[in-house]
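Summary of the model geometry
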Amino acid sequence: MPPIDSSTAQLILWAAFGYLIGSIPFGLILAKVMGLGNLRNIGSGNIGATNVLRTGNKRAAALTLIFDAAKGGVAVLLARALAGEDAAQIAALAAFLGHCFPVWLGFKGGKGVATFLGLWLALDWRVGVACCLTWLVTALIWRISSLAALMAAAMSTIWIMVLTESPTFGLGVILTLLVYWRHSANIARIKAGTEPKIGQS
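Residues numbered from 1 in each chain as written. Predicted model: local features only at pLDDT ≥ 70, side-chain atom pairs only at ≥ 80, totals over all residues. Heavy atoms only, no water.

Turning our attention to the overall build of the chain. Across its full length, the chain carries ten helices and zero strands. Along the chain direction, N to C, the helices and strands of the chain fall in the order α-α-α-α-α-α-α-α-α-α. Here the C-alpha atoms of the chain give a radius of gyration of 16 Å, agreeing with the 17 Å that 2.2 N^0.38 yields for 201 residues. Dimensions of the chain, computed from the C-alpha atoms along their principal axes, are close to 45 × 35 × 25 Å. Expressed as a percentage of its 201 residues, the buried residues of the chain come to 46%. Across the chain, the fraction of contacts at a sequence separation of at least 24, relative to all contacts at a separation of at least 6, is 63%. When the accessible area of the chain is evaluated, it comes to approximately 9,600 Å², of which 70% is carbon and sulfur surface. Counting 15 positive and 7 negative side-chain charges, the chain places the averaged centre of each group 20 Å from the other. (Helix = DSSP H or I, 4+ residues; strand = E, 2+ residues; numbered from the N terminus. Rg over C-alpha atoms; globule rule 2.2 N^0.38 Å. Buried < 20%, exposed > 50% of the residue type's maximum accessible area, 1.4 Å probe, protein only. Contact = heavy atoms within 4.5 Å. Areas by Shrake-Rupley, 256 points an atom, 1.4 Å probe, with all protein chains shown as cover. Lys, Arg positive; Asp, Glu negative; His and termini not counted. Charge placed at Lys NZ, Arg CZ, Asp CG, Glu CD.)

With that settled, consider the side chain of T164. Mapped onto the fold, T164 is located in the loop between α8 (145-163) and α9 (169-182). Side chain to side chain, T164 and D124 meet in a polar contact 3.1 Å long. With residues up to four places along the chain from it excluded, the contact list for T164 reads D124, R126, V127 and W159. (Polar contact = N/O pair within 3.5 Å; in protein donor to acceptor, adjacent residues only side chain to side chain.)

Relative to the elements of secondary structure, N51 occurs in helix α3 (residues 49-53). Each residue touching N51, except ones within four places of it in the same chain, is listed here: L39, I42, G43, S44, G45 and N46. Side-chain polar atoms of N51 contact the backbone oxygen of N46, separated by 2.9 Å.

Contact geometry of α8 with helix α10 (residues 184-192) gives a least axis separation of 10 Å together with a crossing angle of 115°. The orientation of α8 relative to α10 falls into the category roughly perpendicular. The way α8 lies across α10 gives a crossing that is left-handed. Packed against α8, whose contacting residues are S146, L147 and L150, the element α10 presents N186, I187 and I190 at the interface. (Axes fitted to C-alpha atoms, helices over the stretch in contact; angles between N-to-C directions. Parallel < 35°, antiparallel > 145°, perpendicular 65-115°, else oblique. Left-handed = near helix turned anticlockwise from the far one by under 90°.)

Let us look at α8. Of all the bends found along α8, the most pronounced is centred on S156 and spans about 35°. Buried positions along α8 lie against α3, α6 (113-123), α7 (125-142), α9 and α10. (Bend = angle between axes of the 7 residues up to and from the residue.)

So, about the pattern of salt bridges. Evaluation of the coordinates by the stated rule reveals four salt bridges. With a closest N to O distance of 2.8 Å, D124 and R126 form a salt bridge. A relative accessible area of 7% places D124 in the buried class. Judged by its relative accessible area of 34%, R126 falls in the partly exposed class. (Salt bridge = Lys/Arg side-chain N within 4 Å of Asp/Glu carboxyl O.)

This part takes up the environment of R143. Summarising the element assignment, R143 is placed in the loop between α7 and α8. The spacing of R143 and P196 is 53 residues in sequence and 8.8 Å in space, taken between C-alpha atoms. Setting aside residues no more than four positions away along its own chain, R143 makes contact with T138, K197 and I198.

Listed below in structure tokens is the structure:
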């Protein structure tokens, strides 16, 4: 973690901001606006881009991916610009938690992968790009979105150590553990050989 230079009130403010922007369910909103139905009743019921893709609408899935990533990036960039690096990391974690546990959806949100990638692109673009490439290469080889997410999360801490000297390692470990926790059911299906491939219902 970076030095704590912001006041407690500032950190609470940016945590709240990060959580609120992170909890915007873009997948649900886009599915409804584009006439794709209730995303909770489609595929896995998840609100993320992978499940939006199961509607057959690639444009909606791409937009969900972009917006879910952007909300993590926006939280980080605004907090950094207006407060500092400590606030940026607090906002990043809060945005991730907001996506996974949005209050207006009964704390039942997404897996947080796009938001994870977006906030890393904002925290340190080198780590963000490396994580995106890790996800892409894994997805191209095995065609399993959850496996790609797990690989990107696992490699993120290594990329932090290799590519940067910024004080983000602690945050990286926390986010990686959260990604794995959110994917516990996927991990079980991967082990059983029953995890759907990208585009499958």
